[in-house]
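# Notes for the structure review
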Amino acid sequence: MADEGFTHPRLAAIYDAVEPDRGDLDAYARMVEEFGARRVLDIGCGTGVFALLLAGRGIEVVGVDPALASLDVARGKPGSERVRWIHGDASELPPLRVDLVTMTANVAQQIVEADAWRETLRGAYTALRPGGRLVFETRDPARRAWEEWNREASYAVTDVPGVGAVESWVEVIGVDGQLVTFRWSYVFAADGRKLTSDSTLRFRERGEIEAELVAQGFLVEDVRDAPDRPGKELVFVARRP
């Protein structure tokens, strides 16, 4: 299940405005070039920022996401007709043969259940042509990133065109082993309404991720540092033999 921040139409509509810095996508765009990918499947495509970036460069892109409200935002953007949008998840894809599968930002960590994680990896494997690659990132659990997620550090007021000022902040509401649950709050100045979105991320260990990739048939080619957050994240590159 996707979080309210992606499924609630009012929150999905402001997502790009309150999260404007997508410099994290630069590394993925470079890997598309590095691997010579011409067909890409973007799992958890959200509002379509990365899918549309690639489509604008002539890449054939399929974007899949379980949050219909986010897909509606994506479909309303210029150039959206160049992307094949699918409402669902990686376990129920039509037949594909892509060169690269991506899961950017928090997508991999948001798949918290073991069965769902395995099904996602299987779906990615099936969608890839032989020799194709899966790339995704996760935060290094040793860095305990959640200890910096608080109102004081995250509070912001964003002037959203056509909406008005929106206050936003995040707070951790629970830590249970690998699972970290946090709550984003949004207050709309136009009518004073407050909406919240609870999210849970699983902070898997590197060895656990590599073992599951191998179990699903992948060869782990590389585990890289995230260039935009050095020392904080792991970027996995796995190939279908």
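Analysis parameters
- Residues numbered from 1 in each chain as written.
- Predicted model: local features only at pLDDT ≥ 70, side-chain atom pairs only at ≥ 80, totals over all residues.
- Heavy atoms only, no water.
- Phe/Tyr/Trp six-rings, centres within 6.5 Å; stacked < 30°, edge-to-face > 60°.
- Helix = DSSP H or I, 4+ residues; strand = E, 2+ residues; numbered from the N terminus.
- Buried < 20%, exposed > 50% of the residue type's maximum accessible area, 1.4 Å probe, protein only.
- Pairing = 2+ DSSP bridges.

What follows concerns the packing of aromatic side chains. The tally for this structure, following the rule as stated, stands at ten aromatic pairs. Look at Trp-149 and Phe-203: their rings are 6.3 Å apart centre to centre, the planes differ by 45 degrees, and that puts the pair in the tilted class. Note that Trp-149 is positioned in the loop between strand S5 (128-139) and helix H8 (151-154) and Phe-203 in the loop between strand S9 (194-202) and helix H9 (206-215), a separation of 54 residues in sequence. Both residues of the pair, Trp-149 and Phe-203, belong to the buried class. With centroids separated by 6.2 Å and ring planes inclined at 25 degrees, the aromatic side chains of Trp-184 and Tyr-186 adopt a geometry described as stacked. Grouping aromatic residues by their ring pairs yields a cluster made of Trp-146, Trp-149, Phe-182 and Phe-203.

Below, the discussion takes up the pairing of S5. Most of S5 is tucked away, with ten of its twelve residues classed as buried. In terms of strand pairing, strand S4 (residues 98-103) meets S5 through five bridges, oriented parallel. Residue pairing for S5: Val-98 is matched across the bridge by Leu-128. In this sheet, strand S11 (residues 233-239) lies alongside S5 in antiparallel orientation, the contact comprising seven bridges. By the bridge assignment, Leu-134 is partnered in S11 with Ala-238.

Interpretation in functional terms is not warranted from these geometric data alone.
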